[in-house]
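As a plain string of letters, each chain reads:
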Amino acid sequence: MSVRLPNEAERALYREVVAQGGMVLLREAMEQDPDAALGLIELGLLLHHDYGQMLTAAHPRAFGERVSAELRSAASGMLRAAEHAASRLEDLVQAYDAAPRRGRPSRPLRLVAGQQIAHHIARIESEMREETLAAQPGGARPVGVMQQTRARSLGFLATGIELRTLYQPGALADPPTVDYAATLTAAGERFRVLDEPFQRMVIFDRRAAVVSAAADDRQAMIIEDPAVLATLVDRFERDWSRAERIDWQAAAGRPRPTGVPAELTELLAAGLTQKAIASRLGLSPRTVAGHIARLREFYDAETLFQLGWQLRGASGRPAAPPGEQPPVRTAEKEGGL
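Residues numbered from 1 in each chain as written. Predicted model: local features only at pLDDT ≥ 70, side-chain atom pairs only at ≥ 80, totals over all residues. Heavy atoms only, no water.

S.K.: I'd like to hear about the overall build of the protein chain, residue by residue, with values.
M.R.: For the protein chain, the count of helices and strands is 14 helices and 11 strands. Partitioning the intrachain contacts of the protein chain with sequence separation of at least 6 by distance along the chain shows that 67% fall at a separation of at least 24. (Helix = DSSP H or I, 4+ residues; strand = E, 2+ residues; numbered from the N terminus. Contact = heavy atoms within 4.5 Å.)

Rendered as structure tokens:
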């Protein structure tokens, strides 16, 4: 619901009418500022008497109470709609769950090719709620592909889904990839670089994985077997722990903020728990957890205790200014790639 409050011109005219005793000729108000006069009449802050050419100033408290009541009513309606939104889609949920599994793996391991790969990824992404772990070896990807991936990833991050991606060193030599990583890092995704060979794969919510099964990536294995998935997750976490953090903002020539609201950082440094911070700032626990994960990555802290200690510092001050990042590897420092 959109509620309009008086603008500055309307406020100025209203104050002048009140200063003149709360009554003014319609003609005079229109001569002074016709737009403001008509706006105040529309809002009900100036009352136009049908039997005369006078305008009377209405008490703004009544206007405020009316607006507040409208907003409360709209908010209550939205809350009721939110409570029933999921149930109103139940017939569609049942239709989706009961539909023949065309395009959905009927076996825990299935080889697919061509357009079926994109179909499966889209289907799995639509059911994703927690995280994506991606291993992307090789060099640059087509710019069009990166633009589409950027838009999807920003949408996932906005809903609190955690994204982690592994690259190989060749990514640092490709400006579009560096720009892509810098943009997504600022939004909350985490990227690392591993100077070792690894297989291309994406793991969704640790429930399904798409693993490249051909050198040209035109075939892929769709995996939903829990035992195989556990092995793939372990492999990713092992590679992630050995991979190197990169200052993507610096590599792209950008400022280097943490991407975390300053008030959240201050509350964390003050010793508040994740639950207390979420309650204080009106954020979901998942959103707060994502911010804390970014701070741990930023400060290279293994535990929440270490992070809090670094934020406070031994002298009671943050270990590093909020807009500055600890130095990490760049191609120039290492003499090139």
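S.K.: Give a description of the packing of aromatic side chains that names residues and reports values.
M.R.: Considering all chains together, one arrives at 5 aromatic pairs under this definition. For the ring pair Tyr180 and Phe191, a centre distance of 6.1 Å and an interplane angle of 75° mean the geometry is edge-to-face. Here Phe191 lies in strand β7 (residues 190-193) and Tyr180 lies in helix α8 (residues 175-187), a separation of 11 residues in the sequence. Judged by relative accessible area, Phe191 falls into the buried class, the value being 3%. Note on Phe191 and Trp248: the rings are 6.1 Å apart at their centroids and 65° apart in plane angle, and the pair reads as edge-to-face. Residue Phe191 is found in strand β7, and its partner Trp248 is found in helix α10 (residues 248-251); the two are separated by 57 residues along the sequence. The pair formed by Phe191 and Trp248 is uniform in burial state, with each residue classed as buried. Three or more aromatic residues joined by ring pairs form one cluster here, namely Tyr167, Tyr180, Phe191 and Trp248. It is Arg164 that lies over the ring of Trp240; its NZ or CZ is 5.2 Å from the centre. (Phe/Tyr/Trp six-rings, centres within 6.5 Å; stacked < 30°, edge-to-face > 60°. Buried < 20%, exposed > 50% of the residue type's maximum accessible area, 1.4 Å probe, protein only. Lys NZ or Arg CZ within 6 Å of the ring centre and 35° of its normal.)

S.K.: Tell me what's going on with the pattern of salt bridges, and back it up with residues and numbers.
M.R.: Overall, the coordinates contain 16 salt bridges when judged by the stated rule. Notably, a salt bridge pairs Arg150 with Asp179, separated by 3.6 Å at the nearest N-O pair. Of this pair, Arg150 sits in helix α7 (residues 143-158) while Asp179 sits in helix α8, and the two are 29 residues apart along the sequence. Measuring nitrogen to oxygen at the nearest pair gives 3.1 Å for the salt bridge that ties Asp217 to Arg200. With Asp217 in the loop between β9 (208-212) and β10 (219-223) and Arg200 in the loop between β7 and β8 (201-204), this pair connects stretches of sequence that are 17 residues apart. Within this structure, Glu131, Glu162, Arg164, Arg190, Arg206 and Glu237 form a network of salt bridges that share partners. (Salt bridge = Lys/Arg side-chain N within 4 Å of Asp/Glu carboxyl O.)

S.K.: Which residues make up the nonpolar core, and what are the values?
M.R.: The nonpolar side chains of a soluble globular protein tend to be buried, and buried together. Counting residues in hydrophobic clusters, the biggest one holds 28 residues, and the most contacted among them are Ile124, Tyr167, Tyr180, Phe191, Phe204, Val210 and Trp248. Elements with a contribution of two residues or more to this core: α6 (115-126), α7, β6 (162-167), α8, β7, β8, β9 and β10. If you tally residues by element for this core, the top one is α8, at 5 residues. Not counting chain neighbours up to four residues away, the residues in contact with Phe191 comprise Thr165, Tyr167, Tyr180, Ala181, Leu184, Thr185, Trp240 and Trp248. Judged by nonpolar contacts, the second largest core, of 16 residues, contains Leu133, Phe198, Val211 and Ala243. (Core = buried A, V, L, I, M, F, W, Y, C linked by side-chain atoms within 4.5 Å.)

S.K.: Break down the pairing of strand β3 (residues 54-57) for me, with residues and values.
M.R.: Strand direction decides the pairing type here: strand β1 (residues 23-25) and β3, joined by 3 bridges, are antiparallel. Bridged to Leu25 within β3 is Met54. Here strand β2 (residues 46-48) pairs with β3 via 3 bridges, running antiparallel. Looking across to β3, one finds that Leu47 is bridged to Thr56. (Pairing = 2+ DSSP bridges.)

S.K.: Any details on the packing of helix α12 (residues 274-281) against helix α13 (residues 285-299)? Residues and values, ideally.
M.R.: The relative placement of two packed helices comes down to the angle between their axes together with the axis-to-axis distance. Contact geometry of α12 with α13 gives a least axis separation of 9 Å together with a crossing angle of 115°. Of the two possible hands of crossing, α12 and α13 adopt the one that is right-handed. Note on element contacts: α13 touches α12 through Pro285, Val288, Ala289 and Ile292, opposite Gln274, Ile277 and Ala278. For the contact of α12 with α13, a count of residues per class yields 6 nonpolar, 1 polar and no charged. (Axes fitted to C-alpha atoms, helices over the stretch in contact; angles between N-to-C directions. Left-handed = near helix turned anticlockwise from the far one by under 90°. Nonpolar A, V, L, I, M, F, W, Y, C, P; charged D, E, K, R; others polar.)

S.K.: An account of the sheet that holds β3 is needed here, citing residue identities and associated values.
M.R.: Two strands in a sheet stick together by hydrogen bonds in their backbones, pointing the same way (parallel) or opposite ways (antiparallel). Judged by pairing direction, the sheet is antiparallel, and its 3 strands sit side by side in the order β1-β3-β2 without closing on themselves. Unpaired on one side and paired on the other, β1 and β2 mark the two borders of the sheet. The sheet shows a mean angle of 30° between the axes of neighbouring strands, direction not considered. Where helix α1 (residues 8-19) meets the sheet, its contacts fall on β1, β2 and β3, and the angle it forms with β3 comes to roughly 95°.

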